[in-house]
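Structural characterization, general
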Amino acid sequence: MPLSPSAFLLRVLCASATSALLACAPWAFANEADFPKVGTFDVVTQQSTVWHTRDGAPDGSPPMAQTPDGWLWFVGSGLYRFDGVHFERMTSIYGHALPSDAIHGIEAIGDTLWIGYMYGGISRFSPHGSRDYTKADGLPVGTVSHVIHTVQGQTYASTTLGLYELVNDRWLRRWPEAGAEDARALVAAADREGGIWIQSDAGITVRHPGEAHFAPLDRSLSALTTNPAGDIWLLRDHRYAARYDFAQRQVITFNRPGDPDHVDGVWLMNDGQPRVLFDGVMHLYDRNLQGGAPLHLAIYPRGPVEDDMSLFEDREKNVWIGARSGVERIRSNTLTQLSMPSQMLHNGVVLGDDGRRWVPSMNMNTVVVHADGQYQQDATLDATAGTRAPDGSVWLGSRKKIWHIQGEQRQAWDVPQECIGRNILVMTPAAGGGVWMSFIQRGLYLFKDGQWLKKGGHSEIVSPTPLSLQEDAQHRLWIGYPGNHIGMIDGTQYHEFGKADGVDFGATLSFYPSGPRLWIGGETGLVYFENGRFHHLLGSDGRTFQQVTGIVQRANGELWMMERDGLTRIAAADLARAMAGNGRVDNERFDFEQGMEGTPSMLEARPSLLQASDGLLWYATDSAVGWIDPAHIPRNGLVPPVEVTALRADQLHWQGAPGTQLPALPHNPANVQISYTALGQRIPARMHFKYRLDGVDQGWVDAGGRREAFYTNVGPGHYRFQVIAANEDGLWNKKGATLDFEVPPTLTQTRAFRVACGLLALAALYGLYLLRIRQISERVRERTEVRIAERQRIARNLHDTLLQSMQGTILRFQAIGKRVDPQLSAEFEAALDQADAAVSEGRDQVMDLREASAIPDDLVQALNRMGSALGHTHDIDFALHVAGHSRRSLQAPLRAEAYAIAREAVLNALKHAQAQHLEVELVFGDRQFVLHVRDDGIGMPDELIENGRPGHFGLAGMRERARQLDAHLTVWSRAGEGTEIELSVPARMAYAEGRGPWWRLWQRGLP
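Each chain carries its own residue numbering, running from 1 in the direction its sequence is written. Local features in this predicted model are restricted to residues whose pLDDT is 70 or higher, and side-chain atom pairs enter the listing and the counts only when it is 80 or higher, whereas totals over whole chains, interfaces and linings include all residues. Water and hydrogen atoms were dropped before computing side-chain values, which therefore reflect all heavy atoms in the structure.

A short note on helix α8 (residues 954-964)
Residues G954, L955, G957, M958, R961 and A962 constitute the buried set of α8. Viewed end-on, α8 has its buried residues packed into an arc of 160°, placing them on one side of the element. Under the DSSP-based scheme used, a helix requires at least four consecutive residues in state H or I and a strand at least two consecutive residues in state E, with every element numbered from the N terminus. Phi for D966, located one or two positions after α8, is positive at around 60°. Residue exposure (1.4 Å probe, protein chains only): buried if accessible area is under 20% of the type maximum, exposed if over 50%, otherwise partly exposed. Throughout, the arc means that of the directions going from the helix axis to the C-beta atoms.

Structure follows, in structure tokens:
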């Protein structure tokens, strides 16, 4: 959160008061004993990290090796491996158990790790297989210290009983030679030509290529050491370093005047440069023992360096020191830094074009520094701020004076009377040879042509003390203030910009003009001003750039800035893409991991980032000044190997390694934790990981630097875990590592159980369905019985009331007819005959109603009787056919409605079709029951089929009966070809009982 203007000004005032107190303090200017006028600052190009035994590191000056997969191996009270973050005690390698923890020597040769044991024996481990060698294989019962491999492919082992060679998988003694007594081979080395060197109690012995025997060298030689390149170094008389010269075929001793004397040990780097220990201090020399730069070891902070330490250089050129108390890693920094003395309150750096670097100070005379660390104090300068002019000259300012320095010439002027004693916060060159500056509590001043001009002549400026100043290419002065406020002097005009204009990044801490664009560093943001507008940039992850106290844009377009936590680099292509897009940009950080110490000041020493004329970028923090060469940034070009190292699933713990089998996981694991790593030893904390679990993660999970993945409630199934990683320079191993595992299902999670449950569910649903069908059928039956009872009641009423009354009326009319005029008697009798016919027809209808209402017990027999009787009466051929399982019982409603539909169809055929043949067919199918009524009559037109005969309800009644059964009625007819009526009823609605025992069991279970 940005500070409010008042809070920021309070901080400025506090800083000013502190500076004044420091200036007046009796120790403000250190004496020469504390800080000599001429000397050398430490040029820091490396940094150390130390792991002690409390951090899990092995002790006892552990021997070291590195296998091609990137693991570092250490020997202590057992065997350890290290991925750059965690030390891990090992009991097996590639699935092969270690025979003993009493290990004395370790070597990595190709992809094979060789281990020698304290009490005899050798083991070799590789991804292709492992092998233990014992006395049975020709080895003596003695300590094995080294295993070496020559350029000719021979393998040797040095033991306390001599030197042995591995021949056809068996060890044979080569030294001492036949007939000689046993002797200790303390150290063995193979040189670049294939020669074998041995250090024993008697001195150095060597067998050069082509020679048949070993020959002793001068007994004054000792302390044999070598490197992977096969260089050979020794000690002469335990005081001088010596090197074997392959060209001269002799040992060269470095005992020249000035060469190190009383050397305690020599260790070789892979490039052949020796580390020489003498006077308790390690020194770095070249191959000719020139240089002698001291190498301070953090593992020995108080006392002299021990000569029994071990030293190893890994494949990323890190140097590892094994000491009694732990392990130290020394690696090169990307940044080069000059460490300022703690008593010097420096205030940034001013770059001169002549190679001089001016370091203003709050409590000392100004220091002039050179790139090699050489410095001298200038007793005539006590500057607290400064800036470089475009012509390469330097402006410096103090609480009393300002100086203009050009080459060896300098001029000085007093500051305005009202500014005496006030710190200068910032200075910047002005067009025409002057300089702008900001005094604490006094504000903006312009010095030009020997004259002071307050506020540059702009009395309308009422803002507080400027925090940053910069003229752009148009000679406009930009003024940065606290609290989202920027001022700009453009000739005679003064403009102000605030939050409404896009200035919403707190205090303005730095400016950098780049052509028509102006870069602005804020307390909470990076902004550029172009075409009259302020534009914001964010990191690609949405991060806001914090406390940007210095900005530089190089000629190639890449942008550098100094933030609170370090330097940030934005590539030119990424910058252009972000400015043309959504304003989010990929960026690279250089901070303490690359060698930066301290943090930049928000109040002084600004701008904190400058570009020198030679292209180097110089930065200033509260404890150091340093630089980086942006054109030659060292990169780690090694793709980091990736491994899955462990899996935990509830109580199961699997330690991953090539050749080991993942055991079966428990059922329903509540928690699954997968550990992984990437093997990079330079800046392991900057490893970047992504992972995914197929079937669980939708895409890659960006884990950052986290080396574990967590999952909960993982269901049964086969899973593949994938992880990829990038090193500190963004080089990805896209192949990564995978781990396949399977979570077994419980009984209730098996496919068979799910199928069984599905079948049971289907059976239950089917049972419910059948129950529902039965309920529906029962309701249909009840409604049918009610309807039939109603029909019978109507028939009885018609018979007992209407027909009986009509019959009685006819009888009375017959009696009356006997007394009427004979002339009317004939007509009267005719009317009575018509009445008798009506009564007879009504009686027939009543009988039909009663018969249709009856539910036949056997539909087949009922239809057969009905057809036979009607066919005989109407002189027509009638046939009944039955197909399927005729013995299946039909639902009562179906029997009644099917009989009524068939009877109506037969009667219609007899009355209207003029047919000669009539056929009824019943089909008792498995899927449906079908009734067919066919005749060979005159047929019916389509309109009659659709709408029925006017005044008649035969077809309509049949369709209504079919709908009540949830059945389908089809009428087919064509003129001259007869008519067919089909009633189809689904089996579930037609039949009264099922076909199998399960159905009968279900029926017996129903109420």
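Quick look at the nonpolar core
If you look at soluble globular proteins, the nonpolar side chains tend to sit buried side by side. The definition of a nonpolar core used throughout is a set of buried Ala, Val, Leu, Ile, Met, Phe, Trp, Tyr and Cys residues joined through side-chain atoms within 4.5 Å. Membership of the largest hydrophobic core comes to 44 residues, with the highest contact counts inside it found for L863, F929, L931 and L983. Considering each element in turn, this core owes the most residues, 11 residues, to helix α6 (residues 892-913). Contact between two residues is taken to exist if any of their heavy atoms lie within 4.5 Å; hydrogens are not considered. When neighbours within four sequence positions are excluded, L983 is seen to be in contact with A898, I901, F929, V930, L931, A962, A967, H968 and L969. Formed by 28 residues, the second largest nonpolar core is a distinct cluster that contains L647, L652, V723 and V743.

Observations concerning the pairing of strand β66 (residues 717-726)
Within β66, seven of the 10 residues are buried, leaving the element largely enclosed by the surrounding structure. Two elements, strand β63 (residues 688-693) and β66, share six bridges in a ladder whose sense is antiparallel. Bridging from a neighbouring strand, H688 pairs with A726 of β66. In this analysis, strands are considered paired if DSSP registers two or more bridges between them. Relative to strand β67 (residues 732-743), β66 runs antiparallel, the two being bridged by nine bridges. Paired with V723 across the strands is A737, a residue of β67. Hairpin connection between β66 and β67: a loop of five residues separates the two successive antiparallel strands, and G730 in this loop has a positive phi of roughly 80°.

Some points on the pattern of salt bridges
Salt-bridge detection follows one rule: a side-chain nitrogen of Lys or Arg within 4 Å of a carboxyl oxygen of Asp or Glu. Following the criterion strictly, the structure yields 41 salt bridges and no others. Note that E530 and R517 form a salt bridge whose closest N and O atoms lie 3.3 Å from each other. Of the two residues, E530 is situated in strand β50 (residues 525-530) and R517 in strand β49 (residues 517-522); the sequence distance between them amounts to 13 residues. Owing to a relative accessible area of 18%, E530 belongs among the buried residues under this scheme. Note that R543 and E563 form a salt bridge whose closest N and O atoms lie 3.1 Å from each other. Highlighted residues: R543 in the loop between β51 (533-539) and β52 (550-553) and E563 in strand β53 (residues 559-563), separated in sequence by 20 residues. The class for R543 is partly exposed, based on a relative accessible area of 24%.

Describing empty space enclosed by the protein
A pocket, in this scheme, is an open set of points on a 1 Å grid over the protein atoms alone with protein on both sides within 12 Å along at least 5 of 7 lines, while a cavity is a set where a 1.4 Å probe fits but cannot get out; residues line either one if an atom lies within 4 Å of a point. Grid points are joined across faces, edges and corners, and a volume is the space filled by probe spheres set on the points. Scanning the model with the defined rule gives five cavities of 30 Å³ or more in all. As a volume, the largest cavity reaches approximately 80 Å³. If you go around the largest cavity, the residues you meet are S777, V780, Q891, P893, L894, L965, V985 and M989. At the level of elements, α3 (751-817) and α6 are the ones that each hand at least two residues to the lining of the largest cavity. When grouped by side-chain class, the residues that make up the lining of the largest cavity number six nonpolar, two polar and no charged. Residues were grouped as follows: Ala, Val, Leu, Ile, Met, Phe, Trp, Tyr, Cys and Pro as nonpolar; Asp, Glu, Lys and Arg as charged; and all remaining residues, including Gly, as polar.

Focus on the packing of aromatic side chains
Geometrically, a pair of aromatic rings is defined through the distance of the ring centres and the angle of the planes. Centres within 6.5 Å make a pair out of two Phe, Tyr or Trp rings, where for Trp the six-membered ring is used; the pair is then stacked when the planes are under 30 degrees apart, edge-to-face when over 60, and tilted otherwise. With the rule as written, the count across this model stands at 39 aromatic pairs. Ring centres of F82 and W320 lie 5.9 Å apart, and the angle between their planes is 85°; this geometry places the pair in the edge-to-face category. Pair noted here: F82 is in strand β5 (residues 78-82) and W320 is in strand β30 (residues 319-323), with a separation of 238 residues, a long-range link. For W320, a relative accessible area of 0% gives the class buried. Between F447 and W452 the ring centres are 4.8 Å apart and the planes differ by 50°, which places this aromatic pair in the tilted class. What makes W452 partly exposed here is its relative accessible area of 23%.

Concerning the packing of α6 against α8
It is at 10 Å that the axes of α6 and α8 come closest, and there the two elements cross at 160°. What the angle tells us is that α6 and α8 run roughly antiparallel. Regarding α6 and α8, the two cross each other, and that crossing is left-handed. Facing E897, A900, I901, E904, A905 and N908 of α6, the residues of α8 in contact are G954, M958, R961, A962 and Q964. Of the residues in the contact of α6 with α8, the class split is five nonpolar, three polar and three charged. For every element, the axis is a line fit to its C-alpha atoms; helices are fit only across the contacting stretch, and the angle between N-to-C directions ranges from 0 to 180 degrees. Our angle categories are set so that under 35 degrees counts as roughly parallel, over 145 as roughly antiparallel, 65 to 115 as roughly perpendicular, and the remainder as oblique. Definitions for this section: a left-handed crossing has its near helix turned counterclockwise from the far helix by less than a right angle. A right-handed crossing has that turn clockwise.

Observations concerning the side chain of R357
The residue R357 is located in strand β33 (residues 357-359) in this model. For R357, a relative accessible area of 6% translates into the label buried. In protein, a polar contact requires one atom able to donate a hydrogen and another able to accept it; more generally it is a pair of N or O atoms within 3.5 Å, and residues adjacent in sequence count only if both atoms are side-chain atoms. A distance of 3.1 Å separates a polar atom in the side chain of R357 from the backbone oxygen of G352. A polar side-chain atom of R357 sits 3.5 Å from the main-chain carbonyl oxygen of G355. If sequence neighbours within four positions are ignored, R357 has contacts with V349, V350, L351, G352, V367, V368, V369, A612, D614 and W618.

A closer look at the confidence of the model for the protein
Summary of the metric used: pLDDT quantifies the predictor's per-residue confidence within the range 0 to 100. Chain-level pLDDT for the protein is 86 on average; 88% of the residues reach the 70-or-more range. Long-range and interchain partners of residues 12-33, a stretch whose pLDDT sits below 50, account for 31 contacts in this model, where long-range means more than four residues apart. Low pLDDT, under 50, characterises residues 995-1007; the predicted model gives this stretch 17 contacts beyond four residues in sequence or across chains.

Quick notes on the sheet that holds strand β4 (residues 72-76)
Judged by pairing direction, the sheet is antiparallel, and its four strands sit side by side in the order β3-β4-β5-β6 without closing on themselves. Unpaired on one side and paired on the other, β3 (64-66) and β6 (87-90) mark the two borders of the sheet. Taken pair by pair, the neighbouring strands of this sheet meet at an average axis angle of 30°, ignoring direction. For β4 and β5, the ladder comprises five bridges, and the chain directions are antiparallel. Looking at the pairing, V75 lines up with L79 of β5.

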